[in-house]
Amino acid sequence: MEDMDVSLLCAARGRLKKERVSIITGDQVEIEEVDSVKGTAVVSARLERKNLLSRPQIANVDQVVIVQAIHQPEWNALWCDRYVVHFQLELPSSKPVLCFNKSDLAEKADIETLRSIYEPLGYSVIFVSAMTGQGMDRVAELLDRKVSVLAGPSGVGKSSLLNFLEPSLHLKVGVMENEFGVGRHTTTYSELYTVGFHNPSLHIGQDGKRHHTWVADTPGFNLSELKHPEPALVFWQFPEIAELAPDCKFANCLHLVEIGCKVLSNLESISADRYDSYVTIVAEAQEGEKLLRETSQKVEASVKVVGGRKDKARHVPKLSGRYRAESRRTQRQSMTEAELEAEIEKEQEMERDLED
Ligand code: GDP
Ligand code: ZN
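Note that the structure is a prediction, hence the values are computed from the model and not measured.

Caption draft 1: Expanded view of the coordination of the zinc ion (ligand 2). Coordination sphere of the zinc ion (ligand 2), protein contribution only: Cys248 (SG), Cys253 (SG), His255 (ND1) and Cys261 (SG), at 2.1 to 2.4 Å. The site at the zinc ion (ligand 2) holds four donor atoms, and with the angles between them running 101 to 118°, its shape is tetrahedral. Written as a sequence motif, the donor residues of the zinc ion (ligand 2) are C-x4-C-x1-H-x5-C. The class of Cys248 is buried, set by a relative accessible area of 9%. Here Cys253 falls in the buried class, since its relative accessible area comes to 7%.

Caption draft 2: Up close: the pattern of salt bridges. Within this structure, the stated rule accounts for 14 salt bridges. Between Arg15 and Glu19 there is a salt bridge, with its nearest N and O atoms 3.9 Å apart. Its salt-bridge partner being Arg145, residue Asp144 comes within 2.9 Å of it at the nearest N-O pair.

Caption draft 3: Spotlight on the nonpolar core. Residues Val64, Phe100 and Tyr118 are the most contacted members of the largest nonpolar core, which totals 32 residues. Of all the elements in the fold, those that place two or more residues in this core are β6 (63-69), α2 (77-90), β7 (97-101), α3 (108-118), β8 (125-127) and β9 (147-151). Here this core gets six residues from one element, more than from any other, and that element is α2. Among all residues touching Tyr118, those that are not within four sequence positions of it are Trp75, Ala77, Cys80, Asp81, Leu98, Phe100, Tyr123, Val125 and Arg274. Formed by 22 residues, the second largest nonpolar core is a distinct cluster that contains Val67, Val128, Ala140 and Leu142.

Caption draft 4: Region of interest: the sheet that holds strand β1 (residues 9-12). Pairing is mixed in the open sheet, where three strands are placed in the order β1-β3-β2. Looking at which strands have only one partner, the edges of the open sheet turn out to be β1 and β2 (29-35). Adjacent strand axes in the sheet meet at a mean angle of 35°, parallel and antiparallel pairs treated alike. With four bridges connecting them, β1 and strand β3 (residues 40-46) associate as parallel partners.

Caption draft 5: Empty space enclosed by the protein, seen in detail. What the rule picks out here adds up to two cavities of 30 Å³ or more. One number sums up the size of the second largest cavity: a volume of about 30 Å³. In terms of lining, the second largest cavity is formed by Val65, Cys99, Ile126, Val139, Leu142, Leu143, Leu150 and Leu161. No other element matches the three residues that helix α4 (residues 136-143) contributes to the lining of the second largest cavity. Of the residues assigned to the lining of the second largest cavity, the class counts are eight nonpolar, no polar and no charged.

Caption draft 6: Focus on the pairing of β7. Burial analysis of β7 places five of its five residues in the buried class, which makes it a mostly covered element. Neither face of β7 is open: one carries Val97, Cys99 and Asn101, the other Leu98 and Phe100, and all of them are buried. Where β6 and β7 come together, five bridges link them in parallel fashion. Note that in β7 the partner of Val67 across the bridge is Cys99. Of the strand pairs in this sheet, β7 and β8 are connected by three bridges, and their pairing is parallel.

Criteria and cut-off values
- Residues numbered from 1 in each chain as written.
- Chains lettered and ligands numbered in written order.
- Predicted model: local features only at pLDDT ≥ 70, side-chain atom pairs only at ≥ 80, totals over all residues.
- Heavy atoms only, no water.
- Donors = N, O, S within 2.8 Å, 3.2 Å for Na, K, Ca; no water.
- Tetrahedral: all angles 85-135°; square planar, octahedral: opposite > 155°, others 65-115°.
- Buried < 20%, exposed > 50% of the residue type's maximum accessible area, 1.4 Å probe, protein only.
- Salt bridge = Lys/Arg side-chain N within 4 Å of Asp/Glu carboxyl O.
- Core = buried A, V, L, I, M, F, W, Y, C linked by side-chain atoms within 4.5 Å.
- Helix = DSSP H or I, 4+ residues; strand = E, 2+ residues; numbered from the N terminus.
- Contact = heavy atoms within 4.5 Å.
- Pairing = 2+ DSSP bridges.
- Axes fitted to C-alpha atoms, helices over the stretch in contact; angles between N-to-C directions.
- 1 Å grid on protein atoms, 1.4 Å probe; cavity = no way out; pocket = protein on both sides within 12 Å on 5 of 7 lines; lining within 4 Å.
- Points joined across faces, edges and corners; volume = space filled by probe spheres on them.
- Nonpolar A, V, L, I, M, F, W, Y, C, P; charged D, E, K, R; others polar.

Take a look at the structure:
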């Protein structure tokens, strides 16, 4: 079919709902009953997904660009590495790109320091300024014809970068939240914007056909929203530790305290900030695992049946308040794709129930 740039308001076929096929941001679908006057259509099928991220909830992602500010807010090594680990787990098929914004506020030495931490580890690192436009041609090149997720804490300039690439978006800029973006309403859904309409080189390929460049902006994360591997597997997320760890003589070593540990005896080859991040992220992974274990014990202890809509009574774990909030988050982290799919469907069903 011809490529067209149209927006249609679509409803999913009832059959899809019955078969629990969820449609989320980034999904490619087949549509029928296109009404070009009303601008509506019906989604009849969802095409196979290439991948599925749980946070942000988005399908068919080509790459993640982690956006960090060098100053204002001050760059934070631990948070940077938390984002890196989270997105390596979310999208193992591609290494996240590190995009340092607000270069206009940085000294040359700041830039060289950041470059020297991440480039030798195999990450692509780009320095930009959404204010002066510096480095933006590289960003445009990087995003060209792909589906990308822009991720980073609030205030680092994600909306400013998107506005630079596509001024017609008019995204709100400078709505700063507190440091961790806590306490605001975060939604699990994100929106994909198509960028580059004003820039034909971004939109029309060498074959003369129109191509789309899609970018999703995502809100910052809370600590509890981050994905963790098992504690003993965290080292795989740190290339410089993964290089040493397989030669460690201790089985299941966390590379934290054992005398004679291969990683500890080569600490001088690892950046101090990076090793600190590793230590913290292992501790967070242990905490997450503990919570998960406690929660599943509680779940076994008490299950209640609640009446949903007709003949739809469900077995729901009875949890004390403390566990209730944490359990969904921690469970989400260890979900398989099928489980995540079911979870998404459940959320959508609950939303529909509320609407009814
Ligand atoms: P977001 O929360 O990540 O979307 O960040 P915003 O795009 O809302 O930007 C937060 C603040 O940083 C705003 O006041 C912007 O004007 C400012 N800002 C964004 N990019 C730059 C930049 O490259 N240099 C400087 N100096 N300020 C920037
Ligand atoms: Zn070790």
